[in-house]
Each structure stands twice: as C-alpha cells, then as structure tokens.
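What follows is each chain in one-letter form.
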Amino acid sequence: MSRRPRAPAFQDLGTDLPVFPLPGVLLLPRGLLPLNIFEPRYLAMVEDALAGGRMIGMIQPRPGQWGAAPPPLYAVGCAGRITSFDETDDGRYLITLTGLCRFRVETELEERRGYRRVRPGWAGFSADMAEPTAAEIDRAGLDRALTDYFRIAGLSADWEAIGQTPDERLVTSLAMICPFEPQEKQALLEAKDLCERTRVMLSIIRMAIHGGHAGRVRH
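Residues numbered from 1 in each chain as written. Predicted model: local features only at pLDDT ≥ 70, side-chain atom pairs only at ≥ 80, totals over all residues. Heavy atoms only, no water.

Student: Can you explain the pattern of salt bridges? Please cite residues and give values.
Tutor: In this structure the tally under the stated criterion is 12 salt bridges. Between arginine 112 and aspartate 16 there is a salt bridge whose closest N-O contact spans 3.6 Å. Linking arginine 112 in strand 5 (residues 93–112) with aspartate 16 in the segment before strand 1 (17–21), this pair joins segments that are 96 residues apart in sequence. Relative accessible area serves as the criterion here: at 38%, arginine 112 is assigned to the partly exposed category. One salt bridge in this structure joins glutamate 47 and arginine 113, with 3.2 Å as the shortest N-O distance. Here the residue glutamate 47 occupies a position in helix 1 (residues 40–51), and arginine 113 occupies one in the loop between strand 5 and strand 6 (115–121), the gap between them amounting to 66 residues. Here glutamate 47 falls in the partly exposed class, since its relative accessible area comes to 32%. On the basis of relative accessible area, arginine 113 is assigned to the partly exposed category, the value being 49%. (Salt bridge = Lys/Arg side-chain N within 4 Å of Asp/Glu carboxyl O. Helix = DSSP H or I, 4+ residues; strand = E, 2+ residues; numbered from the N terminus. Buried < 20%, exposed > 50% of the residue type's maximum accessible area, 1.4 Å probe, protein only.)

Put into structure tokens, the structure is as follows:
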C-alpha cells in the first residue's frame, strides 16, 4: 500500500494553484472543509490535484460579480490539502480539504481542463503553517455572544463541549460554518491572527444580534 504524501513545507507550497471559487464558503488554516464535487471541471480539478500535490485553493468571487464569466476573485484565499477522498456510484467525489496556508493572488493563469488556476503569493502567511501559539482572546465575551446568537437563531448547542473546545478550533469552526455574509467571511479570512479574527467575529455576531436575526448555522 502506498503511503500518503506528506503536506508540503511552507517553502515548497508552489507557484501554480487550482482554485475553487465559491461565494460564502470559507477555509481557514487547520480547518476542515467537506466538499461534494460533481461539476465536470471540478471533477477534473480533483483528479489533477490527487495526481499531484493534493492542493486546492478556496477563494470567493467578489459579491455582485457572480454572474460575470469568469467572476473576479477576492485577492486572498486559503489553500487546502485533500486529506480524505471517496468516489460515489454516480461519479461524484466527496473530499475533505484541510486548510494549510492563505495566499494572495499574484496573477490568474490559463485555465486547465475548464478550472481556474492562479499564481499564489505566500509571503506574509508563514505563521499559518507554524504551531499555533497561545493567544489571549475575549473568550468570555465570545461565549456570551454565542449564547444570544444561537438563541435568536433558534438553535441548540452542546455548551459543555463548546466550553471545552480550544480557542483556535472554536473560532475557526464558527467562522467556517456560521452563515455570515461573503464580505464578513472575507474579513475573517484576512484577519492577521486569532485575536483579530475573534474581534471581527464578535463584531459580526453582535451586529446580527442587534439586528434581531442570526440566520441559520449550517452543519
């Protein structure tokens, strides 16, 4: 049985990255993003990624431009590595991307087999692949805000489990699954570190609470 290739080191991330543009979908370093792949061009993208370094970049098209062909992309996305893979009887791929490192789009490259590619710039994001360090976030404020947010959304939660979840894992998971607007998702992605991301999230949640609605959390 062949051994799964190791994730690349920061200096080996590469200069050619296939990208999957999806509005409202966020991947963060060390986050897990399940994807159901069925469009022919993205099936081809997954096949090519599996044959190479297993890397795919998640990035959002800019709001208001989704009908354009191709729609302009935000400047910053996040590269993930395929860490689980399954093929269904009807030809779909079920994959999980594990977030590795954010990137800045330096230029867009020629399409390959119908999917888009970019030349990524990794400068400024090396901390994404380092071991997470302890950070002082407003955990108490976040817990209080979450209580109100889930109540307004009519959702139940395992508060004991939430209370035991480490800070980074909790903030990353919430940023990825909560139904924030694309611009808000982008602000969370571009936050420089965990403390800033927590502050951005608290601002978003409090605005939703004060607006009287919190949408629905996707599972």
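Student: Just give me the short version of helix 5 (residues 182–190), but keep the residues and values in it.
Tutor: When helix 5 is considered as a whole, its buried residues turn out to be Pro182, Lys185, Gln186, Leu188 and Leu189. Seen along its axis, helix 5 keeps its buried residues to an arc of 160°; they face one direction. (Arc of directions from axis to C-beta.)

Student: Summarise the pairing of strand 1; cite the residues concerned and give the values.
Tutor: With five of its five residues buried, strand 1 lies for the most part within the structure. In strand 1, alternate side chains face the same way, and those of Leu17, Val19 and Pro21 on one face and Pro18 and Phe20 on the other are all buried. For strand 1 and strand 6, the ladder comprises three bridges, and the chain directions are antiparallel. The residue bridging valine 19 from the neighbouring strand is arginine 116, located in strand 6. Of the pairings in the sheet, the one linking strand 1 to strand 3 (residues 55–59) comprises three bridges and is parallel in character. Along strand 3, the bridge assignment pairs valine 19 with glycine 57. (Pairing = 2+ DSSP bridges.)

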